[in-house]
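Observations on the three-dimensional arrangement
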Amino acid sequence: MSIMKRMGLIFRSKANKALDRAEDPRETLDYSYTKQLELLQKVRRGVADVATSRKRVELQMTQLQQQGDKLHGQAQKGLAAGREDLAREALTRRSAVTAQVEGLQTQHAQLQGEEEKLTLASQRLQAKVEAFRTRKETIKATYTAAEAQTKIGEAFSGISEEMSDVGLAVQRAEDKTASMQARAGAIDELVASGALDDASQEPNSDIERELAAISAGSDVDSELAALKDQLEPGSKPEAIEGAATTPPAATPTAAPTAADPPAATDAPPREGQP
Amino acid sequence: MIIRIMGEGQYDVPDDDLAALNVLDSEVESAVLAADTSAFTACFAQLLDRVRSHGAVLPDEVLVDSDLVLPPSDSSVDEVAALLGDEGLIPG
């Protein structure tokens, strides 16, 4: 049998089973209405849950992007200091962070899709529940238990089908969110452990520490030069000349020799000098 | 003729479309039976598109049973097989 017809039959048999359970058919109306309100609550909770997951992913994306920017900055500093090895290390870590961000973007789009679907489902269900309530009150006011039977069957049309549909939508959204939450938890742990974190955190402190040492070194040099200027105002032209002649001699060490030991680091260009 | 696409709502589709829909439907059915993902993806999308483009969306407050029901548009071939195989998968 065709898929469309088989699915239709499954829905109808569910609606009939719900109706058969009732003794006084008018009681089914109230019972079903209670169930409808419960389901409406459940869908709304579902929307809120998916939104929470979406926000968590957004927060993680922001954190990882900041870390990516920081690593990029460290790579620039490393290159400026003539340490291509540090720059390379920072960029390698940055590419791992970028890959994680891309994965999160996919998840984010999926969560947004689920949120949108559930929001629409909740709106549809709310409109149908409202329509059902009106019919229910009319039936109870107008018909005896015996007369009500067929009218109730009609009132059940559509609402039972909608409830099955929405019920499945909530279930699917829950399943999807649960698997994403597991992954989000794993990323939180990775971030907390520092494995994906910026290079300034343990156990990956080498880049930041070496960059800090370089910049501290050049700060000391420029302060020393400034102090010399103050002590010997007469020798100022010489000091500037002396400082100006140093960088050309130092530049060859800035060449991309990744194997260079940190010994080369005390000869950066003295840009800090006024 | 009222057709529900699960997760989307109900459409009022002209009866004239039934023949064309049945052709697509049986293609989807063979794809599900063969567990052929690529064939399923292609003809299932066509079937949904035809319902959406030829049908008129029913207002939310209308309470009426559907004549035909289609699985959610993002279903995998396995999910459709499961929906058909076991009534228990559809809650309610």
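This is a predicted model, so every value here is computed, not measured.

**Observations regarding the overall build of chain A**
Along the backbone of chain A there are seven helices and zero strands. Ordered by position from the N terminus, the helices and strands of chain A form the series α-α-α-α-α-α-α. Across the 274 residues that make up chain A, the buried fraction comes to 38%. Put simply, of all contacts in chain A between residues at least 6 apart along the chain, 81% involve residues at least 24 apart. Summing over all exposed atoms, chain A offers an accessible surface of approximately 15,000 Å²; the carbon and sulfur share of this is 55%.

**Focus on the sheet that holds strand S3 (residues 56-57) of chain B**
Residues and elements named next belong to chain B. The mixed open sheet is built from four strands, whose spatial order is S3-S2-S1-S4. Strand pairing shows two members of the sheet lacking a second neighbour, S3 and strand S4 (68-70), which therefore form its edges. Two elements, strand S1 (residues 2-5) and S4, share three bridges in a ladder whose sense is parallel. What sits directly across from Ile5, in S4, is Leu70.

**Looking at the nonpolar core**
Core analysis: the biggest nonpolar cluster contains 42 residues, and A:Val43, A:Leu118, A:Leu125, A:Phe132, A:Ile159 and A:Val166 have the highest contact counts within it. Contributions of two or more residues to this core are made by helix H2 (25-80), helix H3 (84-142), helix H4 (145-156), helix H5 (159-193) and helix H6 (206-231) of chain A. Looking at this core, the element that brings in the most residues is H3(A), giving 14 residues. Setting aside anything within four residues of it in sequence, one finds A:Phe132 in contact with A:Leu29, A:Ser32, A:Tyr33, A:Gln36, A:Ala155, A:Ile159 and B:Leu63. Counting 29 residues, the second largest nonpolar core, distinct from the first, contains A:Leu168, B:Leu48, B:Val69 and B:Val80.

**Quick notes on the pattern of salt bridges**
Across all of its chains, the model carries 24 salt bridges over all chains by this definition. With a closest N to O distance of 3.4 Å, A:Glu162 and A:Arg124 form a salt bridge. Placement of A:Glu162 in helix H5 and of A:Arg124 in helix H3 is noted, with a sequence separation of 38 residues between them. For the pair shown, A:Glu162 and A:Arg124 are each scored as buried. One connected set of salt bridges, linked through shared partners, spans A:Glu114, A:Lys117, A:Arg172, A:Lys176, B:Asp74 and B:Glu79.

**A few points about a negative patch on the surface**
A surface patch of like charges, here negative, comprises B:Asp12, B:Asp15, B:Asp16 and B:Asp67. With respect to the helices and strands, B:Asp67 occurs in the loop between S3 and S4.

**Quick notes on the packing of H3(A) against H4(A)**
Between two packed helices, the angle of one axis relative to the other and the distance separating the axes together describe the packing. All names here are of chain A. Two elements in contact, H3 and H4, have axes whose closest approach is 10 Å; the angle formed by their N-to-C orientations is 175°. On the basis of the axis angle, H3 is roughly antiparallel to H4. Residues Phe132, Arg135, Ile139 and Thr142 of H3 pack against Glu147, Ala148, Lys151, Ile152, Glu154 and Ala155 of H4. Within the contact of H3 with H4, the residues separate by chemical class into five nonpolar, one polar and four charged.

**Looking at the pairing of S1(B)**
Across a regular strand the side chains alternate sides, sitting on one face of the sheet and then on the other. Residue and element names in this part refer to chain B. The alternating pattern of S1 places Ile2 and Arg4 and Ile3 and Ile5 on opposite faces, both of which are buried. As paired strands, S1 and strand S2 (residues 9-12) are joined by four bridges and run antiparallel to one another. Along S2, the bridge assignment pairs Ile2 with Asp12.

**Comments concerning the interface of chain A and chain B**
On the side of chain B, 39 residues touch chain A, which itself brings 36 residues to the contact. With both sides pooled, the region where chain A packs onto chain B buries about 3,500 Å², and carbon together with sulfur makes up 55% of that total. Sorting the residues of chain A by area buried against chain B places A:Ile3, A:Met4 and A:Met7 first, and these three jointly supply 23% of that buried surface. Where chain A meets chain B, there are eight salt bridges. With a closest N to O distance of 2.8 Å, A:Asp165 and B:Arg4 form a salt bridge. Taken together, the connections running from chain A to chain B amount to 21 residue pairs in polar contact (both at pLDDT 80 or more). Listed by contribution, the elements that provide at least two residues to the side of chain A that touches chain B are helix H1 (3-20), H3 and H5 of chain A.

**Description of the packing of aromatic side chains**
All names here are of chain B. For the structure shown, the criterion picks out two aromatic pairs over all chains. Aromatic pair Phe40 and Phe44: ring centres 5.0 Å apart, planes at 20°, arrangement stacked. Within this pair, Phe40 and its partner Phe44 are both found in helix H2 (residues 37-54), separated by four residues, close to a single helical turn. Neither residue differs from the other here; Phe40 and Phe44 are each classed as buried.

Here is what the cut-offs are and how they apply
Residues numbered from 1 in each chain as written. Chains lettered and ligands numbered in written order. Predicted model: local features only at pLDDT ≥ 70, side-chain atom pairs only at ≥ 80, totals over all residues. Heavy atoms only, no water. Helix = DSSP H or I, 4+ residues; strand = E, 2+ residues; numbered from the N terminus. Buried < 20%, exposed > 50% of the residue type's maximum accessible area, 1.4 Å probe, protein only. Contact = heavy atoms within 4.5 Å. Areas by Shrake-Rupley, 256 points an atom, 1.4 Å probe, with all protein chains shown as cover. Pairing = 2+ DSSP bridges. Core = buried A, V, L, I, M, F, W, Y, C linked by side-chain atoms within 4.5 Å. Salt bridge = Lys/Arg side-chain N within 4 Å of Asp/Glu carboxyl O. Patch = residues over 30% accessible without salt bridge, like charges linked within 9 Å, V, L, I, M, F, W, Y side chains within 5 Å. Lys, Arg positive; Asp, Glu negative; His and termini not counted. Charge placed at Lys NZ, Arg CZ, Asp CG, Glu CD. Axes fitted to C-alpha atoms, helices over the stretch in contact; angles between N-to-C directions. Parallel < 35°, antiparallel > 145°, perpendicular 65-115°, else oblique. Nonpolar A, V, L, I, M, F, W, Y, C, P; charged D, E, K, R; others polar. Buried area = accessible area lost by both parts, 1.4 Å probe. Polar contact = N/O pair within 3.5 Å; in protein donor to acceptor, adjacent residues only side chain to side chain. Phe/Tyr/Trp six-rings, centres within 6.5 Å; stacked < 30°, edge-to-face > 60°.

Remember, this is a structural readout, not a statement about activity or role.
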